[in-house]
Every structure is written in structure tokens, then in C-alpha cells.
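# An overview of the molecular structure
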Amino acid sequence: MGAQLRAIRARIRSVTSTAKITRAQELIASSRIPQARQRLDSARPYAAEITRVASILISHGTHMDHALLNRKPDTSRVAVLLMSSDRGFCGGFNNDVLRRGDALAALLREQDKEPVFYLSGRKAVDFYRFRHRRTEREWVELSGHPTYEVAAEIGQTLVEAFDTPTREGGVGEVHVVFTEFVSMLTQETRVRRILPLEIEEREIGGGAGGAAAPLPPYEFEPAPGAVLDLLLRQYVRGRIWSMLLESSASEHAARRQAMMSATENAHELIGQLTRRANSARQAEITTELTEIVSGADALAQKGGEE
């Protein structure tokens, strides 16, 4: 009985140490969420405005043609960018991204398209390396605090792959799998096609009687064609930047939620083990008392016989 009690107490100490670690991880994630949300909220107006300018230029300009807006005749190769985390302890965050990536790859193969993978985050990189899957480019050590420089590098890499003919190793489409931050308790995995671009053409409403309002006073220099080329490439980089910030905020929120659940489960397990330890201790005391009483009775009987 003593060995059982020592084993239970050892396990209680182990679970207590684990609870301290998960609690610390929860506090760290909680402290990082406000900054991640602030960066995300700061980037959203820029992404909305650059989308608005691009839409106005395309819809109400000279209806120019551009390679980033056109579907390629050959889409036999498709780029898929997966945005995962560099660290664990974030519940199903990475599993959801990898599962959606596999589902997208299976759908593309059904359409006779070859998925070409670009990975962001060490968890996705380790997952693909362990399974000996081929990748084109990898970026790590950025998920916790992404920078615009890395987003611009990723965007430039994908644009160059899209600009390259498919027969020369390029791609006909670019899809991104990332996690969108909805709230502290909800993060949803999304799949977005970013190339060829899909910019909605619409009338600028708001005039009297529902008539179209005057166009915003944009002036394009040096020429609309040159502005469109620069704007669309900047638009791709902005989309990647926004998705990285969404993924970063979602990672911290998922880690906080996972560590909070782990801490609660640890405390619940400690309570169960404590009750087991008390029960084992009571049984041990009962056994000792029984042995003492039995010994006293044996001595009393022996004395009576003498």
C-alpha cells in the first residue's frame, strides 16, 4: 500500500508541475493577443483602401488588361501556401490548416491539377519533411510576430511563380490556407484564391435618388497601366500581410484557449489523484490499526494462557 501511495503522490507532483507550465503559457499568450489584435486592426484599413483603389481603377478607368487579373489557359500546376505556427501548444490550430491543405490538394488532383506547396511556419515544414513531401519554398520563425518584409518576400515569390509559364515551372493559380481571427474564442480556417485576382467591379453608390456618386478624385501618375501593375503587386503583398496577421492573432488566441483547458484539466486530475491518495492513506492507516489490534489480541491471549 505504501508503494501505491508514493506513486500517486509522485504523479500529483508531476501534474502540478505541468499545470504551472500550462498556466504560464496561457498568461504569455494572453499578454501577446492585444498586440497581435492591434497590428491586425491597424492593417485592415490599409487592405480595404488598396482594394477600393484597385477596384475603382479597374471598374471605372480604362478597363485595362493585366496578367494578374486573367485566368491562365494552363492551370495544370497550382501553388498552395499553408500558414501554420512555429510553436505548438495551440490545440487544433495547425491540424486544421494541414487538414484543409490536404483536402484542397485532393480537390485539385481530382481536377487534374498538380498542387505545389509553399509553407509558412515550422509545424507545416516538419509535417511535410517527416512525410517526405516536396515543397517549393519554406519560411519559418515568423508566425508569432510576422513582419511586412517577410510578407513582401512571400508575395513576390508567389507573383513570380504566377508570372512564369506553367510549362517552365510556374503556376496557373495561387491559393492560401490560413486561419482567420473571428474572436477570442473562435478562429476559422479559410481557403482563399489570391491569383488570378478577383476584384469586384461595382458602381460607386450614394448619390441622390440612388444614382451613382461622383468617382473619388484619384489621379494616376505616370500612367494608369503602370499604376495598375504596381498597385496589383502591392495588393498581393497586402493580402499576404493581412493573412499573416490574422494567422498570428489566431495562433495566440488558440494557444490561450488550449492552455486554459489544459490547466483546468490538470487541476481536475490533481483533485482526482488527491482523493485517490487520501483513500490509499486511509486504507493504509486502517491496515496498520488492524495489525496493531491483532497484535494486542495475540499478546492478550498469550498472557491469559500463561
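Along each chain, residues carry numbers from 1 onward, in the same order as the chain's sequence is written. Only residues with pLDDT of at least 70 are given local features in this predicted model, and only at 80 or more are side-chain atom pairs given and counted; all residues enter the totals for whole chains, interfaces and linings. For side-chain calculations, the full set of non-hydrogen atoms in the structure is used, while hydrogens and water are omitted.

Looking at an unreviewed UniProt entry, one finds the protein named ATP synthase gamma chain, with Streptosporangium roseum as its source organism. Check the Function (unreviewed entry) section of the UniProt entry for the protein; it says "Produces ATP from ADP in the presence of a proton gradient across the membrane. The gamma chain is believed to be important in regulating ATPase activity and the flow of protons through the CF(0) complex." UniProt positions are given in the numbering used here, feature names are shortened, and annotations may be inferred rather than shown by experiment. According to its UniProt record, the protein has this under Subunit (unreviewed entry): "F-type ATPases have 2 components, CF(1) - the catalytic core - and CF(0) - the membrane proton channel. CF(1) has five subunits: alpha(3), beta(3), gamma(1), delta(1), epsilon(1). CF(0) has three main subunits: a, b and c."

What follows deals with the pattern of salt bridges. Here, a salt bridge means any side-chain nitrogen of Lys or Arg that lies within 4 Å of a carboxyl oxygen of Asp or Glu. Within the structure shown, the criterion is met by 15 salt bridges. Residue arginine 23 pairs with glutamate 26 through a salt bridge whose shortest N-O separation is 3.0 Å. Of this pair, arginine 23 and glutamate 26 both sit in helix α1 (residues 2-60), three residues apart, which is roughly one turn of the helix. Relative accessible area decides the class of each residue, using a 1.4 Å probe on protein chains only: under 20% of the type maximum gives buried, over 50% gives exposed, and in between gives partly exposed. Judged by relative accessible area, which is 39%, arginine 23 ranks as partly exposed. Across the pair arginine 44 and aspartate 41 runs a salt bridge, and its minimum N-O distance is 3.7 Å. Remark: aspartate 41 and arginine 44 occur in helix α1; sequence separation between them is three residues, near one turn of the helix. Through salt bridges with shared partners, a single ionic network connects Asp41, Arg44 and Glu246. Secondary structure elements are taken from DSSP: a helix is a run of H or I of four residues or more, a strand is a run of E of two residues or more, and numbering for both begins at the N terminus.

For the rest of this paragraph, the subject is the nonpolar core. Residue types Ala, Val, Leu, Ile, Met, Phe, Trp, Tyr and Cys, when buried and joined through side-chain atoms within 4.5 Å, form a set referred to as a nonpolar core. Grouped together as the largest cluster of nonpolar side chains are 42 residues, with contacts concentrated most on Leu81, Ile194, Leu195 and Ile240. When contributions to this core are tallied by element, the ones reaching two or more residues are α1, β1 (77-83), β2 (114-120), α4 (148-163), β4 (173-181), β5 (187-195) and α5 (224-305). The biggest single contributor to this core is α5, with 12 residues. We call two residues in contact when some of their heavy atoms are within 4.5 Å. The residues touching isoleucine 240, leaving out its near neighbours within four places in the chain, are Leu81, Met83, Ala151, Ile154, Gly155, Leu158, Val176 and Ile194. Among the nonpolar cores identified, the runner-up in size contains 15 residues, and Val78, Ala105, Leu119 and Ala124 belong to it.

The side chains of a regular strand alternate between the sheet's two faces. Burial analysis of β2 places six of its seven residues in the buried class, which makes it a mostly covered element. Alignment of β1 against β2, held across seven bridges, turns out to be parallel. Its bridge partner lying in β2, leucine 81 is registered against tyrosine 118. If you view a crossover with the strands going away from you and the path from the first strand over the helix to the second runs clockwise, you call it right-handed. Handedness of the β-α-β unit built from β1, helix α2 (residues 93-110) and β2 comes out right-handed. Pairing between two strands is assigned when DSSP locates at least 2 bridges connecting them. Bridge analysis of β2 against strand β3 (residues 137-139) gives three bridges, and the strand direction is parallel. If you follow leucine 119 over to β3, its bridge partner there is glutamate 138. Where the polypeptide runs from β2 across helix α3 (residues 122-130) and back to β3, its parallel neighbour, the crossover connection is right-handed.

Here β4 pairs with β5 via eight bridges, running antiparallel. Looking at β5, one finds that valine 174 is bridged to leucine 195. The antiparallel pairing of β4 with β5 creates a hairpin that spans five residues between the two strands.

Let's shift gears to the sheet that holds β4. What holds strands together in a sheet is hydrogen bonding between their backbones, with the strands either parallel or antiparallel. Strand order in the open sheet formed by five strands is β3-β2-β1-β4-β5, with mixed pairing between adjacent strands. Of all strands in the sheet, those bounded by a partner on one side alone are β3 and β5. Geometrically, the sheet is characterised by an average inter-axis angle of 25° between neighbouring strands, direction not taken into account. Lines fitted to the C-alpha atoms define the axes, with helices restricted to the stretch that makes contact. Angles between their N-to-C directions range from 0 to 180 degrees. On top of the sheet, α4 reaches β1, β2, β3, β4 and β5; it is set at about 170° to β3, its chief contact.

For the pair α2 and α3, the least separation of the axes is 10 Å and the interaxial angle reads 55°. The angle between the axes of α2 and α3 places the two elements in the oblique class. For the element pair α2 and α3, the recorded crossing hand is right-handed. In this structure, α2 contributes Asn94, Leu98 and Asp102 to the contact, and α3 contributes Lys123, Ala124, Phe127 and Tyr128. Side-chain classes are defined by residue name, with Ala, Val, Leu, Ile, Met, Phe, Trp, Tyr, Cys and Pro counting as nonpolar, Asp, Glu, Lys and Arg as charged, and the others, Gly among them, as polar. Taken together, the residues that form the contact of α2 with α3 break down as four nonpolar, one polar and two charged. Roughly parallel covers angles under 35 degrees, roughly antiparallel covers those over 145, roughly perpendicular covers 65 to 115, and oblique covers all other angles. Two helices that cross are described as forming a left-handed crossing if the nearer one is turned anticlockwise from the farther one by less than a right angle, and a right-handed crossing if clockwise.

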